[in-house]
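Summary of structural features
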Amino acid sequence: MSRENREQYQVVIQAKDMGGQMGGLSGTTTVNITLTDVNNSPPRFPQSTYQFNSPESVPLGTHLGRIKANDPDVGENAEMEYSIAEGDGADMFDVITDKATQEGIITVKQNLDFENKMLYTLRVDASNTHPDPRFLHLGPFKDTATVKISVEDIDEPPVFSKISYLIEVDEDVKEGSIIGQVTAYDPDAMNNLIKYSVDRHTDMDRIFSINAENGSIFTLKPLDRESSPWHNITITATEINNSKQSSHIPVFIRILDINDHAPEFAMYYETFVCENAKPGQLIQTVSVMDKDDPPRGHKFFFEPVPEFPLNPNFTIVDNKDNTAGIMTRKDGYSRSKMNTYLLPILIFDNDYPIQSSTGTLTIRVCACDNQGNMQSCNAEALVLSAGLSTGALVAILLCVIILLVLVVLFAALKRQRKKEPLIISKDDVRDNIVTYNDEGGGEEDTQAFDIGTLRNPEAREDSKLRRDVMPETIFQIRRTVPLWENIDVQDFIHRRLKENDSDPSAPPYDSLATYAYEGNDSIADSLSSLESLTADCNQDYDYLSDWGPRFKKLADMYGGDESDRD
């Protein structure tokens, strides 16, 4: 019987009595017979070859397709599993079994490369998982199919020769020096050309650059390990014919140390020595630091500076452990003679090239107790120790202030003394050399005059009387309008000249108030009669009357008849 051909049968059974006459009595019943399945049928593929296509850039684990073998058995007798028996793609692909559908799924196991291999052939087996030993003699309960996978070519981005690059370079390398190189290629069959560039987001200071054609990395600026020991930049490789195809690679640049920094004191030392110190006492231990990082470690040496090889006050002792001790060299120190000492110390390292520096240690002389504890180092304590109290110092200070105030008052009173008039009589109109000494000479003689005074409001004297002539009481003293606004110097001078020309109390000869502010190079030259030429011809002096009442007398004196002048 074959369940696969017919699963159920109906049988009619008759029971007949053998006794009695006329054949006896009988009865019938129907029996339904159902055949149960046994695993006596192997799986069979409906076709011997399967064909699949795959792009070369598919991710790992991608499902390329499904295959299925048929088994007429049911239940667990029909369960099967798939496996790759052999083939040139056994290490590139894998097959998994879908328990729900009893299908085999072909997946990608390794990265595909069209340029490396375009076609793979697999042999896939489908076998029952629960074979029945009673039927093993019928043959193996499995079937085999051929699976062919074609790899499709796509345009891929450039591929770098490494997953990352490490470049080491000395910090003293010159600008423009090549420090390393990266390489990339186009994996496609077209083998397109590639250009290189630096991702400026990873090199904001533009310290490095790269040759776009061959990938050589070079420096644009000096390097400094002490400020940046590492530089992590990103290089981009892009296909010239297709800018969308690009790849990125990290480049780690390590800056190697060069001994280019001199050692210096590790901190600021506040050093003091007691006045009662004895020779050979340790007053300070100094240590140094160096920004460099030599591979063999730091080793520093301490010596006196060559200019002062033998210091009479202190000794420098190198402890051979990158520290030095400062020792006293004499018995006792005095603040009254020297309250501060400067001790220069020469410090140098042992790397190449040797770097050195001079550190100066400031040592103060202080008063200490018997245990060497500092009590005071300032000058006030020194004065108090001599026997003067604070009250005495305050009294001395007040006396000095009072003397200074008296000197200032005396100087102020002396400055306010009035000078004698240069011309006693108002009728004396002769030129007087004393007058010109007072005014500083003629216009050409006032070389030392500061024109800035014209703009300084504090230097102007308002409502002051003329010092060289006594004004008549019949005239009201003119009050000059203050010019506090910032006006032009030329306008200021013209106003002053106009005010003095119209002033009835002004004398009829040049004076400080009239001409002192004119400055140099006056077109009128000097108005002094000392330099005037003598002329025998008669002149008309009537125009002097127009200058004001003060000039009328002068016009009468010079404008009279010749007999009058005689």
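These figures come from a predicted structure and were not determined experimentally.

A few words now on the overall build of the protein. From N to C terminus, the protein includes seven helices and 27 strands. Looking at the protein as a whole, 33% of its 566 residues qualify as buried. For the protein, long-range pairs separated by at least 24 residues make up 65% of all intrachain contacts whose partners lie at least 6 apart in sequence.

When the UniProt feature table is mapped onto this chain, "transmembrane region" (unreviewed entry) is found at residues 392-413. As annotated, residues 392-413 has a helix share of 100% and a strand share of 0%, and its two end C-alpha atoms lie 32 Å apart.

Take helix α4 (residues 489-501) next. Taking 1.5 Å per residue as the helical rise, α4 with its 13 residues ought to reach 18 Å, and the 18 Å between its terminal C-alpha atoms agrees with that figure. By the burial criterion, the buried members of α4 are V489, F492, I493, R496, E499 and N500. Looking down the long axis of α4, one finds its buried residues gathered within 130° of arc, a one-sided arrangement. Turned more than 90 degrees away from the buried face of α4 sit K498 and D501, all of them exposed.

Across the sheet, four strands lie side by side as β19-β21-β24-β23; this open sheet has antiparallel pairing. The sheet is open, and its two borders are formed by β19 (264-265) and β23 (314-318), each paired with just one other strand.

Quick look at the pattern of salt bridges now. Throughout the structure, instances matching the rule amount to ten salt bridges. Notably, a salt bridge pairs R66 with D98, separated by 3.1 Å at the nearest N-O pair. On the criterion of sequence distance, the pair formed by R66 in strand β4 (residues 63-68) and D98 in strand β6 (residues 93-98) is long-range, its members being 32 residues apart. A salt bridge links E226 to R225, with the nearest nitrogen and oxygen atoms 3.2 Å apart. Judged by its relative accessible area of 22%, E226 falls in the partly exposed class. Overall, the relative accessible area of 13% leaves R225 in the buried class. Through salt bridges with shared partners, a single network forms among R66, D98 and E103.

The full count for this structure, using the stated rule, is two disulfides. Linked covalently through their sulfurs, C366 and C377 form a disulfide whose S-S length is 1.5 Å. Linking C366 and C377, the disulfide has an S-S dihedral of approximately 105° and is accordingly described as right-handed. Within this pair, whereas C366 is found in strand β26 (residues 356-368), its partner C377 is found in the loop between β27 (374-376) and α1 (379-385), the two being separated by eleven residues in sequence. Both residues of the pair, C366 and C377, count as buried. Numbered by position along the chain, the disulfide-linked cysteines of the protein connect as 1-3, 2-4.

Okay, the environment of P131 next. With respect to the secondary-structure elements, P131 resides in the loop between β8 (119-128) and β9 (142-152). Its relative accessible area of 42% is what places P131 among the partly exposed residues. If we ignore the near neighbours within four places in the chain, the residues touching P131 are N39 and L136.

Quick look at the sheet that holds strand β17 (residues 230-239) now. Taken in spatial order, the four strands make up an open sheet running β11-β18-β17-β14, and their pairing is mixed. Across the chains shown, the open sheet's two edge strands, defined by having one partner strand only, are β11 (165-170) and β14 (194-198). Recorded for the sheet is a direction-independent mean angle of 30° between the axes of neighbouring strands. Sheet topology places β17 next to strand β18 (residues 246-256); nine bridges connect them, and they run antiparallel. Bridge pairing in β18 links T234 to P250.

Burial of β17 is extensive: eight of the ten residues sit out of reach of the surface. The sheet contact formed by β14 and β17 spans five bridges and is antiparallel. Looking across to β17, one finds that V198 is bridged to I235.

Another point: the packing of aromatic side chains. Scanning all chains against the criterion turns up eight aromatic pairs. Of the aromatic side chains, those joined through ring pairs into one cluster are F45, Y50 and Y82. The ring of Y120 carries the charged tip of K117 above its face, separated from the ring centre by 5.5 Å.

For T234, the location among the structural elements is in strand β17. Considering only alpha carbons, one finds T234 and S164, 70 residues apart in sequence, at a separation of 9.6 Å.

We now examine the side chain of D73. Structurally, D73 is set in the loop between β4 and β5 (80-87). Apart from the residues within four sequence positions on either side, D73 is in contact with R3, E4, D37, V38, N39, N40, S41 and A78.

Another point: a nonpolar patch on the surface. Nonpolar side chains collect at one region of the surface, where V394, L397, L398, I401, I402, L403, V405, L406 and L409 lie side by side and expose about 850 Å² of accessible area between them. Topologically, V405 is positioned in helix α2 (residues 390-415). By relative accessible area, which is 45% here, V405 ends up partly exposed.

This paragraph deals with the confidence of the model for the protein. Residue-level pLDDT values for the protein average 79, and 76% of them are 70 or greater. Counted against residues more than four places away or in other chains, residues 422-448, with its pLDDT under 50, gives 40 contacts. Predicted confidence is poor over residues 562-566, with pLDDT under 50, and the contacts of this stretch with residues over four places away or in other chains come to five contacts.

By the secondary structure assignment, R225 is in the loop between β16 (216-219) and β17. A polar contact is formed between the side chain of R225 and the backbone oxygen of K291, at a distance of 2.8 Å. Those residues in contact with R225, other than ones at most four positions away along the chain, are E171, I255, L256, D257, K291, D292 and D293.

With that out of the way, let us pick up the environment of Y333. Residue placement: Y333 occurs in the loop between β24 (323-328) and β25 (340-349). Residues Y333 and E275 lie 58 residues apart in sequence; the distance between their C-alpha atoms is 4.4 Å. When neighbours within four sequence positions are excluded, Y333 is seen to be in contact with V273, C274, E275, A277, N313, F314, T328, Y341 and V365. Here the side chain of Y333 touches N313 through a polar contact of 2.7 Å, landing on its backbone oxygen.

Okay, unusual backbone geometry next. A cis amide bond links Y352 to the next residue, P353, at an omega of -5°. If you trace the backbone, P353 turns up in the loop between β25 and β26. The residue K320 is not glycine, and still its phi comes out positive at about 65°. As for its placement among the helices and strands, K320 is situated in the loop between β23 and β24. Of note, N322 is a non-glycine position whose phi angle comes to about 70°, a positive value. Of note, N322 is situated in the loop between β23 and β24.

So, how was this worked out
Residues numbered from 1 in each chain as written. Predicted model: local features only at pLDDT ≥ 70, side-chain atom pairs only at ≥ 80, totals over all residues. Heavy atoms only, no water. Helix = DSSP H or I, 4+ residues; strand = E, 2+ residues; numbered from the N terminus. Buried < 20%, exposed > 50% of the residue type's maximum accessible area, 1.4 Å probe, protein only. Contact = heavy atoms within 4.5 Å. UniProt positions renumbered as here; feature names shortened; annotations may be inferred. Expected span 1.5 Å × (residues − 1). Arc of directions from axis to C-beta. Pairing = 2+ DSSP bridges. Salt bridge = Lys/Arg side-chain N within 4 Å of Asp/Glu carboxyl O. Disulfide = S-S within 2.5 Å. Axes fitted to C-alpha atoms, helices over the stretch in contact; angles between N-to-C directions. Phe/Tyr/Trp six-rings, centres within 6.5 Å; stacked < 30°, edge-to-face > 60°. Lys NZ or Arg CZ within 6 Å of the ring centre and 35° of its normal. Patch = residues over 30% accessible without salt bridge, like charges linked within 9 Å, V, L, I, M, F, W, Y side chains within 5 Å. Areas by Shrake-Rupley, 256 points an atom, 1.4 Å probe, with all protein chains shown as cover. pLDDT = per-residue confidence, 0-100. Polar contact = N/O pair within 3.5 Å; in protein donor to acceptor, adjacent residues only side chain to side chain.

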